[in-house]
Amino acid sequence: MPLITLTILGLQPEQGAAEPPPAPRLPLPYTAWQWPNPTPAAPRPAQLAQQPTHLIGKALRYGRARAAQYPSPITCPDDPEARLLARFAPNAAAHESAALALLADLATDTALKAALSQSHGLVAISRLAPAHLQAGTDHAVVMGARYLHLSAAEWQPLAQDLNQWLKPDGLILITAASGRCYLGYTAAGAARMGAHDLPPLGCALNRNAQPLLEGDALRGMRRWLTELQMWLYAHPLNVHRAEQGRPELNSLWVWGRSRFDAQKIEAHLNLAPKPVPEFTPSPTAASAALAEKHSAPLIYTDSAVLAGALIRTTGAPPMRLAPNVTPQCDDLPERVLTGAQPLHLIWSEPAWCYLEGDINGWQQSLDAIEHFVQALSAPNPTQTRLMLDDGLSRQWLPARRGLARFWPFFR
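The model shown is predicted, which means the values in this text are computed figures rather than measured ones. (Residues numbered from 1 in each chain as written. Predicted model: local features only at pLDDT ≥ 70, side-chain atom pairs only at ≥ 80, totals over all residues. Heavy atoms only, no water.)

1. Some remarks on the pattern of salt bridges
The cut-off we apply is this: Here a salt bridge means any side-chain nitrogen of Lys or Arg lying within 4 Å of a carboxyl oxygen belonging to Asp or Glu. The way it works is that DSSP assigns letters per residue, a run of H or I at least four long becomes a helix, a run of E at least two long becomes a strand, and they are numbered from the N terminus. Classification of residues uses two cut-offs on accessible area relative to the type maximum, computed with a 1.4 Å probe and protein chains only: under 20% is buried, over 50% is exposed, and between them is partly exposed.
Applying the stated criterion across every chain, the model contains 13 salt bridges. Between Arg146 and Glu356 there is a salt bridge, with the nearest N and O atoms lying 3.9 Å from each other. Placement of the pair is Arg146 in helix 5 (residues 145–148) and Glu356 in helix 14 (residues 349–356), with a sequence separation of 210 residues. Arg146 sits in the partly exposed class, given a relative accessible area of 21%. Given a relative accessible area of 4%, Glu356 falls into the buried group. A salt bridge links Glu154 to Arg241; its shortest N-O distance comes to 3.2 Å. Here Glu154, found in helix 6 (residues 152–166), pairs with Arg241, found in helix 9 (residues 236–243); they are 87 residues apart in sequence, far enough to count as distant. Owing to a relative accessible area of 13%, Glu154 belongs among the buried residues under this scheme. In the salt-bridge network here, residues are joined through shared partners; they are Arg146, Glu349 and Glu356.

2. A word on unusual backbone geometry
Notably, His149 is not glycine yet its phi reads approximately 50 degrees, a positive angle. You can see His149 is positioned in the loop between helix 5 and helix 6. What makes His149 exposed here is its relative accessible area of 57%. A positive phi angle is found at Asn206, which is not glycine, with a value near 65 degrees. Turning to its location among the elements, Asn206 is positioned in the loop between helix 7 (187–193) and helix 8 (219–233). Overall, the relative accessible area of 11% leaves Asn206 in the buried class.

3. Some words on the environment of Arg219
What counts here: Two N or O atoms form a polar contact when they lie within 3.5 Å of each other; inside protein one atom must be a possible hydrogen donor and the other a possible acceptor, and for residues adjacent in sequence the pair counts only when both atoms belong to side chains.
Tracing the backbone shows Arg219 in helix 8. You can call Arg219 partly exposed: its relative accessible area is 47%. Separated by 26 residues in sequence, Arg219 and Met193 have C-alpha atoms that sit 8.2 Å apart. In this structure the side chain of Arg219 is engaged in a polar contact, spanning 2.9 Å, whose partner is the side chain of Asp216.

4. Here's the deal with the sheet that holds strand 12 (residues 343–347)
What counts here: The criterion for strand pairing is that DSSP finds at least two bridges linking the strands in question. Axis definition: a line fitted to C-alpha atoms, over the contacting stretch in the case of helices. Angles run 0 to 180 degrees between N-to-C directions. Contacts are assigned to residue pairs that have any heavy atoms within 4.5 Å of one another.
Spatially, 4-14-13-1-12-10-11 is the arrangement adopted by the 7 strands of the open sheet, whose pairing is mixed. In this open sheet, the two strands that pair with only one neighbour each are strand 4 (64–67) and strand 11 (319–321). The average undirected angle you get between the axes of adjacent strands in this sheet is 20 degrees. Both strand 10 (residues 298–301) and strand 11 contribute to a ladder of 3 bridges, which runs parallel. Across the sheet, the residue bridging to Ile299 is Met319, located in strand 11. With respect to the sheet, helix 2 (residues 80–88) is in contact with strand 1 (3–8), strand 12 and strand 13 (385–389), its orientation differing from that of strand 12 by roughly 150 degrees.

Here you go:
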């Protein structure tokens, strides 16, 4: 099994082996991410206590930890999408994240292509996400999908009604098969909303919305949001959720506006790397080029924005976008499963949970990554070597083996 590289945003490591034995809790050191109810520690999942079988825990405990300096995102320190772009696709425009995510969705979603082809006159497109503004005495905190727990069965009828409400304003709501949502603008819709979107969702979650909505540039957006919130308040979905004591979907978050150019999108999709065929050794030059492709790590990520940026990047490494937030071995080609090609897992779901204060979701996400690594290394677990980083400030190199373990003592 070759080296497996893990970039896990939101990773919070266990105590190092040289430190005193910790209490059965997982520390939450200071980070840029905020929690709604900060506590000194959170209960540690039972899986983390099983050190012999917890591969990521062993890598954190026995790996060679060192400080790391990764590029800073151009939006805000908390934005997972911009953080990944700064490191892996620095030439991509993080403020136009809608175009990047849309490109990744279009690569596999034929229904989305058909919907866009029937939406005439679109000049721009934004990301859109359901939101709950949690009211306080003098502020409202932005909460998102992990707080709302909005099901597809709830969203679909609301989306149909919402589209009817949006249509007179020259706007259209489009939901991809992935569940990601986009707001399309005609020229009239863009004039109605103004030229600027809200800050990225990663910069807004678990924060007071008021400072993020200020300024003359957002006047049109504020007016539209006020009308939207009044419409949502009376919608049957929210009436039903209120009766059940569940949080209401009382707003939408709109960000990442990008110019919509159907021809340019089609050109990028046509130039995107095609699936690489299986490699069969032979002395030909074509086989040598194919072998070189197989030697490059396959990037497997849950970030549609990063995936879209890699699609647009000439000479980018091979990439797979996960269809959901849980990594699955079934998503990977055979050559990765057999160890013939290295893997670089780039995962942001723990950070999104952390941003929203979803402690259980954060723990479950890390557990899912652990189970994925265990399944991937099952054929030969003793040979598995992990290299980890948190995408923020730390990395852990694989522990040295054999006589190399004693190298520091002889220098």
